[in-house]
Amino acid sequence: MTFRARRDQLRSILTGTRCIRPGSVYDAISMRIADDLGFELGMFGGSVASLAVLGDPDIALITLTELAEQVRRMSRASALPFLVDADHGYGNALNVRRTVQELEAAGAAGLTIEDTLLPPAFGDAKTQLISLEEGVGKMKGALDGRGDPSFVILGRTGAVSITSLDDAIARAKAYETVGVDGLFFTGIKARGELDAIAAATRLPIVLGGAPEEMSDLDYLAARRVRIALQGHAPIAAATQAVYETLKALREGTPPKQLKGLASGELTARVTREAEVKARGRDMLGLKS
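Described in the following lines is the structure provided in the data block. Please read these numbers as outputs of a predicted model, since none were measured by experiment. (Residues numbered from 1 in each chain as written. Predicted model: local features only at pLDDT ≥ 70, side-chain atom pairs only at ≥ 80, totals over all residues. Heavy atoms only, no water.)

### Some remarks on the overall build of the protein
Within the protein, the secondary structure is distributed over 13 helices and eight strands. At 20 Å, the protein has a C-alpha radius of gyration in line with the 19 Å of a compact globule built from 288 residues. Principal axes of the C-alpha set define a box for the protein whose edges measure 65 × 45 × 40 Å. For the protein, the residues scored as buried account for 44% of the 288 residues in total. (Helix = DSSP H or I, 4+ residues; strand = E, 2+ residues; numbered from the N terminus. Rg over C-alpha atoms; globule rule 2.2 N^0.38 Å. Buried < 20%, exposed > 50% of the residue type's maximum accessible area, 1.4 Å probe, protein only.)

### A short note on the environment of arginine 4
Looking at the element boundaries, arginine 4 is found in helix α1 (residues 3-14). Distance from arginine 4 to glycine 107, taken between C-alpha atoms, is 9.1 Å for residues 103 residues apart in sequence. What arginine 4 contacts, discounting residues up to four positions off in sequence, is Asp148, Pro149 and Ser150. (Contact = heavy atoms within 4.5 Å.)

### Some details on the side chain of serine 78
Within the secondary structure, serine 78 is located in the loop between α4 (64-77) and β3 (82-85). Contact partners of serine 78, with chain neighbours within four places excluded, come to Arg6, Met31, Arg32 and Asp35.

### Focus on the pairing of strand β5 (residues 152-157)
Burial of β5 is extensive: six of the six residues sit out of reach of the surface. Residues Val152, Leu154 and Arg156 line one face of β5 and the alternating positions Ile153, Gly155 and Thr157 line the opposite face, and both faces are buried. Two elements, strand β4 (residues 110-114) and β5, share five bridges in a ladder whose sense is parallel. Bridging across to β5, isoleucine 113 finds its partner in glycine 155. Following the backbone out of β4, through helix α6 (residues 132-145) and into the adjacent parallel β5, one traces a crossover that is right-handed. Two strands pair when backbone bridges link them, and β5 and strand β6 (residues 182-186) are joined in this way by four bridges, in the parallel orientation. Residue leucine 154 lies in a different strand from β6, and its bridge partner there is glycine 182. (Pairing = 2+ DSSP bridges. Right-handed = clockwise from strand over helix to strand, strands pointing away.)

### Regarding the sheet that holds β6
If you walk across this open sheet you meet the eight strands as β1-β2-β3-β4-β5-β6-β7-β8, and the pairing is parallel. Each of the sheet's edge strands pairs with one partner strand only, and the pair in question is β1 (23-24) and β8 (225-228). Here two bridges tie β1 to strand β2 (residues 42-44), and the two strands are oriented parallel to one another. What sits directly across from serine 24, in β2, is methionine 43.

### Observations regarding the packing of α4 against helix α5 (residues 93-106)
As a packed pair, α4 and α5 sit with axes 8 Å apart at the nearest point and diverge in direction by 20°. In terms of orientation, α4 lies roughly parallel with respect to α5. Crossing handedness for the pair α4 and α5: right-handed. Note on element contacts: α5 touches α4 through Arg98, Thr99, Glu102, Leu103 and Ala106, opposite Leu64, Leu67, Ala68, Val71, Arg72 and Ser75. Broken down by class, the residue content of the contact of α4 with α5 amounts to six nonpolar, two polar and three charged. (Axes fitted to C-alpha atoms, helices over the stretch in contact; angles between N-to-C directions. Parallel < 35°, antiparallel > 145°, perpendicular 65-115°, else oblique. Left-handed = near helix turned anticlockwise from the far one by under 90°. Nonpolar A, V, L, I, M, F, W, Y, C, P; charged D, E, K, R; others polar.)

### Digging into the environment of aspartate 85
Among the secondary structure elements, aspartate 85 is positioned in strand β3. Setting aside residues up to four positions removed in sequence, aspartate 85 forms contacts with Met43, Phe44, Gly45, Gly46, Leu67, Thr112, Glu114 and Arg156. Among the polar contacts listed, one links the side chain of aspartate 85 to the side chain of arginine 156, at a separation of 3.3 Å. (Polar contact = N/O pair within 3.5 Å; in protein donor to acceptor, adjacent residues only side chain to side chain.)

### Regarding helix α9 (residues 191-200)
When α9 is considered as a whole, its buried residues turn out to be Leu194, Ile197 and Ala198. Mapping the buried residues of α9 onto a view down its axis gives an arc of 95°, with all of them on the same face. Looking at the buried residues of α9, the elements they touch are α7 (159-162), α8 (165-178), β6, β7 (205-208), α10 (217-222) and β8. (Arc of directions from axis to C-beta.)

### Brief notes about the pattern of salt bridges
Where charged atoms from two side chains of opposite charge come close, those side chains can pair. Counting across every chain of the model gives 18 salt bridges. Arginine 269 serves as the salt-bridge partner of glutamate 265, at 2.5 Å between the closest nitrogen and oxygen. Residue glutamate 265 and its partner arginine 269 are both found in helix α12 (residues 264-270); the two are separated by four residues, about one turn of the helix. For arginine 269, a relative accessible area of 39% gives the class partly exposed. (Salt bridge = Lys/Arg side-chain N within 4 Å of Asp/Glu carboxyl O.)

The values reported here are purely geometric and, on their own, carry no functional implication.
Pasting the structure below:
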């Protein structure tokens, strides 16, 4: 599948009538697993990017180069379209423009740019937002950096839980006017907040986490929510599995007695072993 086809698939999700839950992905293997399981879309979050690439918490230490390289590895491994959390765009509006160029070239189907003040300001651990005017400038930079018109750009704000619902709506409407393809909201805690946002805006909505009472996909779809994230459990599960395995080995458990390991069949499937062997026979004359 070409990059354009992947981006068209993401656009069809945003312009459709259903709400889907993407699979949280972070490397080549997780991409292939999500694809094999039938997910329509992957989500590469900023927090899991920091964990997978640096082993660091989500405090905006990862660089654009590191993120783009991981995106390139993931897009090479699978045709599954995926959305990238590009955080604050790694600087000002001109840096955002560069971020779009790099992640588009690396094969992402789309990205989100947020209006959080990142990295955090000196002397204040409280989450802050940039001004609405600077946020608008960043959205303009993102759109100006786009080379493929099918590449999806989402304007993201966490204003609901940081400043106010009214501020979140004002920011969303401003980003709509600039021309982004959809709106990404975090921090929504009640149906009334989502109802107000849906009534005041017109673009497709991506919801970044919500309480259990807002998990009904039909309800979300009726409010123009087209993508509802469900956290990043896969990397947490992988971390626990690696920990338990190394712990058992360190304590003397023989490798053949380890539990919870991927079977040979699963490993062969996610590494596309049959395809690799077929190429070896065809191109190198190798015998199985």
